Amino acid sequence: MGEQSPKAYQTRRMTFSACHRLHSPHLSDEENKNIFGKCNHINGHGHNYIVKVTLFGEIDPKTGMMMNMTELKKNMAEAIMKPMDHKNLDADVEYFKTRASTTENLTVFIWNQMKHVMERPELLYEVEVYETENNIVSYKGE
């Protein structure tokens, strides 16, 4: 019987800047104003988002890695930076044309993007998005 390789969690952090307006196409202007307050301002507002992508899997006994961090960095650049850095999330990202650009929806979007670009998407364990140092959303694909 072969010995099973140990498993580990691996996390990479990345930051990007983007603007958005909290406004749901499923609500009236008045409902949006009441729910989202100042974050519903017609001209939007910006954030310096922090994203943490965590993988979980077996450590390859030959390389000593679960995934090369260079590959993870490239995946995150493709999934996160390219579509969203220095963009208007509502105007520039198709996903947010039909849903509010809340941090919850942003986290799910990043998860889906990562699954799409990763060679081994089964390693994706969690995506965390820090809208501010106090407002954080995590998603594990549920």
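About the cut-offs
Residues numbered from 1 in each chain as written. Predicted model: local features only at pLDDT ≥ 70, side-chain atom pairs only at ≥ 80, totals over all residues. Heavy atoms only, no water. Helix = DSSP H or I, 4+ residues; strand = E, 2+ residues; numbered from the N terminus. Buried < 20%, exposed > 50% of the residue type's maximum accessible area, 1.4 Å probe, protein only. Lys, Arg positive; Asp, Glu negative; His and termini not counted. Salt bridge = Lys/Arg side-chain N within 4 Å of Asp/Glu carboxyl O. UniProt positions renumbered as here; feature names shortened; annotations may be inferred. Contact = heavy atoms within 4.5 Å. Polar contact = N/O pair within 3.5 Å; in protein donor to acceptor, adjacent residues only side chain to side chain.

K.L.:
For this particular structure, what's the right way to read the overall build of the protein chain?
P.N.:
Within the protein chain one finds four helices and five strands. In the protein chain, the succession of α and β elements from N to C terminus is β-α-β-α-β-α-α-β-β. Its C-alpha atoms put the protein chain at 65 × 25 × 25 Å along the principal axes. Looking at the protein chain as a whole, 37% of its 142 residues are labelled buried.

K.L.:
Just checking my understanding: could you explain the side chain of Glu126 for this structure?
P.N.:
Checked against the element boundaries, Glu126 lands in strand E4 (residues 124-130). Notably, Glu126 is buried but unbridged: the nearest opposite-charge side chain belongs to Lys140, and the N-O separation is 4.3 Å.

K.L.:
Hey, could you run me through the side chain of Ser24 in this one?
P.N.:
Note on placement: Ser24 falls in the loop between strand E1 (7-20) and helix H1 (29-36). Look at Ser24 and you get buried, because its relative accessible area is 10%.

K.L.:
Got a minute to help me understand the UniProt feature "binding site: Zn(2+)" (unreviewed entry) in the protein chain in this structure?
P.N.:
UniProt's entry tags His20, His45 and His47 with the feature "binding site: Zn(2+)" (unreviewed entry), counted in the numbering of this structure. For the annotated residues, spread through 28 residues, the largest C-alpha to C-alpha distance comes to 8.4 Å, consistent with a single compact locus. Contacts of His20, omitting those with residues within four sequence positions, involve Gly44, His45, His47, Tyr49, Leu89, Asp90, Ser101 and Glu131. Here His47 takes part through its side chain, which lies 3.3 Å from a polar atom of the side chain of His20.

K.L.:
How should I be thinking about the pattern of salt bridges in this particular structure?
P.N.:
It is possible for side chains bearing opposite charge to pair when their charged atoms get close. Taken as a whole and judged by the stated rule, the model has three salt bridges. For Glu78, the salt bridge is made with Lys82, and the minimal N-O distance between the two is 3.6 Å. One end of the pair, Glu78, and the other, Lys82, are both in helix H2 (residues 69-84), four residues apart, so they sit about a helical turn from each other. Owing to a relative accessible area of 39%, Glu78 belongs among the partly exposed residues under this scheme. Exposure remark for Lys82: the relative accessible area of 57% places this residue in the exposed category. In this structure, the salt-bridge partner of Lys97 is Glu94, at a minimum N-O distance of 4.0 Å. Accessibility expressed as a relative area gives 61% for Glu94, which makes it exposed.

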